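# Notes for the structure review
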Amino acid sequence: MKTLMGLINLEHEHHVFNELTYFRNNASIPFAGRYRLIDFALSNMVNSDIHEVAIFARSKYRSLLDHLGTGENWDLDRRNGGLYILPPDWNDPTDVSKGDLQFFHNNRDYFDRGKSEYVLISGSQFIANTDYKEAFKLHLDRGADVTLISTSVDELKEEHTPYYRIQADDLGWVQNITNERRNPTLFTGTYIINKSLLRELVDYCIAYNFDNFFVHGIKDKLSNLKVQIYRHKGYSAFINSIESYYRHNMNLLDEENYRNLFFKPTFIRTKISNNPPVKHHNQSMVKRSILANGCLVDGDVEGSVLFRGVKVNEGATIKNSIIMQRCEIDEDVYLENVILDKDVHVTKGQQIIGSKDKPYVVAKRQEI
Amino acid sequence: MKECVGMLLAGGEGKRLGALTNRIAKPAVPFGGMYRIIDFTLSNCSNSNIQTLGVLTQYSPLELNRHIGNGKPWDMDRRNGGVTVLSPYTAKTGGEWYSGTADAIYQNIHFIDQYNPEYVLVISGDHIYQMDYRKLLNQHKQSNADATISVIEVPWEDASRFGILNTTENMRIYEFEEKPDQPQSNLASMGIYIFTWETLKAYLMKDARLTTSSHDFGKDIIPAMLEEERRLYAYRFEGYWKDVGTVQSYWEANMDLLDEGWGRSALINRNWKISTNDSNFPPQFIGESAEVHHSMINSGCFVKGKIDSSILFKDVEVKTGSTIEQSILHPGVTVGSNSVLRRVIVMENTEIPEGTNISAGDDGEPVVINQDILDGMLAMTGGEQR
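The present account deals with the structure reproduced in this document. (Residues numbered from 1 in each chain as written. Chains lettered and ligands numbered in written order. Predicted model: local features only at pLDDT ≥ 70, side-chain atom pairs only at ≥ 80, totals over all residues. Heavy atoms only, no water.)

Moving on, we come to the sheet that holds strand E26 (residues 351-352) of chain B. Here we have ten strands laid out as an open sheet, ordered E28(A)-E25(A)-E22(A)-E19(A)-E16(A)-E14(B)-E17(B)-E20(B)-E23(B)-E26(B), and mixed in their pairing. Edge strands, defined here as strands with exactly one partner in the open sheet, are strand E28 (360-362) of chain A together with E26 of chain B. (Pairing = 2+ DSSP bridges. Helix = DSSP H or I, 4+ residues; strand = E, 2+ residues; numbered from the N terminus.)

With that settled, the discussion passes to the interface of chain B and chain A. Taken together, the contacts link 43 residues of chain B with 41 residues of chain A. Buried surface at the junction of chain B and chain A, summed over both partners, amounts to about 3400 Å²; 51% is from carbon and sulfur atoms. On the chain B side of the interface with chain A, the three residues burying the most area are Asn 280, Pro 283 and Phe 285 of chain B, jointly 21% of the side's total. For the pair chain B and chain A, the interface holds four salt bridges. Taking the shortest distance from any N to any O, the salt bridge between Lys 72 of chain B and Glu 72 of chain A comes out at 3.4 Å. The tally of links between chain B and chain A comes to 29 residue pairs in polar contact (both at pLDDT 80 or more). Only helix H9 (262-265), strand E14 (284-286), strand E15 (291-293) and strand E16 (295-297) of chain B provide two or more residues apiece to the side of chain B that touches chain A. Classifying every residue of the side of chain B that touches chain A gives 17 nonpolar, 16 polar and ten charged. Bridge analysis of strand E16 (residues 289-291) of chain A against E14 of chain B gives three bridges, and the strand direction is antiparallel. (Contact = heavy atoms within 4.5 Å. Buried area = accessible area lost by both parts, 1.4 Å probe. Salt bridge = Lys/Arg side-chain N within 4 Å of Asp/Glu carboxyl O. Polar contact = N/O pair within 3.5 Å; in protein donor to acceptor, adjacent residues only side chain to side chain. Nonpolar A, V, L, I, M, F, W, Y, C, P; charged D, E, K, R; others polar.)

With that out of the way, let us pick up the sheet that holds strand E18 (residues 300-302) of chain A. Residues and elements named next belong to chain A. Ordered by their spatial adjacency, five strands build an open sheet running E15-E18-E21-E24-E27, and the pairing between neighbours is parallel. A single partner strand is all that each edge strand has here, and the edge strands are strand E15 (285-287) and strand E27 (351-353). The average undirected angle you get between the axes of adjacent strands in this sheet is 5°. Examined bridge by bridge, E18 and strand E21 (residues 317-319) share three bridges and lie parallel to one another. Along E21, the bridge assignment pairs Glu 302 with Lys 319. (Axes fitted to C-alpha atoms, helices over the stretch in contact; angles between N-to-C directions.)

Within this structure, the stated rule accounts for 37 salt bridges over all chains. We note a salt bridge from Glu 328 of chain A to Lys 311 of chain A, for which the minimum N-O separation is 3.9 Å. In this pair, Glu 328 of chain A is assigned in strand E23 (residues 328-329) and Lys 311 of chain A in strand E20 (residues 311-312), connecting sequence segments 17 residues apart. Taking relative accessible area as the criterion, Glu 328 of chain A reaches 27% and is therefore assigned partly exposed. Judged by relative accessible area, Lys 311 of chain A falls into the partly exposed class, the value being 29%. We note a salt bridge from Glu 63 of chain B to Arg 36 of chain B, for which the minimum N-O separation is 3.1 Å. Highlighted residues: Glu 63 of chain B in helix H2 (residues 62-68) and Arg 36 of chain B in strand E3 (residues 35-36), separated in sequence by 27 residues. (Buried < 20%, exposed > 50% of the residue type's maximum accessible area, 1.4 Å probe, protein only.)

These figures come from the coordinates and say nothing about function on their own.
Okay, structure coming up:
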């Protein structure tokens, strides 16, 4: 039986999150009321029957460790396989690797010990609810060396700029990986590769002093490799800036989008918190919003995303905003187009208004 | 060795809960939007540092067993002790169903003896309350008692519905009366006992040999101990306590969570968390046409109608134009558009079609429906109900 092992590589991700990433890496940015960005990549792997996943995390990983724990919420707390969080701790004096090759080189054991002959590699910024079983089947049927997962976007936006575009022929063999801005076939950063080839390419990249495994090992060697494309269909998003983060949260307030992302047989899992159900008090007026458990609402909430344990007091109004975990909004506060990071306390009578294109962001643990 | 082992009685059928316990044991009945009734006692145990617990099951235990699992949500997944589900079993010398509360403990003496405890806490899994059993245990130790029974003051006019304990001034119990016509005290037994294990064990063995005994703590063990003038003391508990024995009291206990007072803080008290085997559903979605007041709503819900004074469990959908009042909707229920539910308890995965109107009378018990009952109702009225 041919199986996959997983790798979430957080190196070389594109991001401009400012306040939201002062104290955390982008993989652990909270999203959609109770998730963190990495939950999508991780759940998709688990839903693809992957039982061992490694994570390459270079910096600001405290909140990531806290979130993932033993991996039990993803059924990755296993005797065989499971979750391997691999921070940069390495002591090989002969090591000359650079960039993400440092991770590949110093964690060869992960690949050597795993029984799977194929590896699914992804980042954390492609948000979708899917499994890669079909892509894996295609990879095997075609006898490919590498299979790149792509998605097509209807409308090209700012957030799509940094991603590679794929040109493939009618049989799905990839001809070119480019920066051609008008090509709507985007590489999602997720791909399947044969493990023996991965080892070989890691050695090659290190030998030639390269610092990016995908760019130098696969993209630049395209003509020597059999690379397939697998086209992902269904709801998806790329999140790599405050603007795209805000917009994609807001998009979920459309019931169809919300159902497409979350209400499918493949479930997106996250850390379970045991917060009580949301309490809507007498004065509450909630419309077109998503609210996570543990919230206490006694004010007006419209077009907003409330994370776990947010308290909205009487007379407060929250419009088109994202309010993260355990924020407290006092009486008669008015918030519009605002992103509050965790544990922010907005005191009585305050007004904060941002713009749709540039929401006002408040960093963690502040009192305003 | 453990100082105190807990034994949680969870085998009851709960006949008076009607359809709610058709397929599941009473302690496993969904409660409070996210929990099951037993979560309150399980959480009391873990918050009171009772880390070794036997849960005695008998009636329809599937859901209950799955819910408890390895005890992880209550931090009872432990190598030494932790939670153990104790179902009836067969053995070389017979083995049989638990014939009473005392018999259930008697048949598991070997389980308790493994831990060689000094005390045993006996509780049942069908009450809603938050209690620190350590205080009970402390009083038990200080008074050097053989048994300590937790009591709560009930209104005098209700006293004849309870098991009443008559005590001296220093709380020593001299008499136990089950549902007395002329109560002499208003201290009702809460069905929570601490025994000195050595003493209890002797009484259990003696009771097991009596063919006339019903093997019940309240009816047999406590009276036998009183007869022999053992040291029995009452421990006075102050706070919220509710026996959810009937549909009416089940509904009331749920509604109490919406109210000020106990309901305000019960579930958000950081020092006394109520834990459960939580699901991983996405946050609730409140639509443009929704109006929600004075209600509790769990994850995975889609709300587009009016909700007032109600409790929605996970994965419930209420469509546009519908009104839900004073009702409890269990997991997976869908309510079609333009329907009205008043004082209705809807059981798991029931699909209520568009335009259905079900209301309980103001004075009667709330209506309990499941898919079968609903289909019967709709067939009888030939859709009149719509």
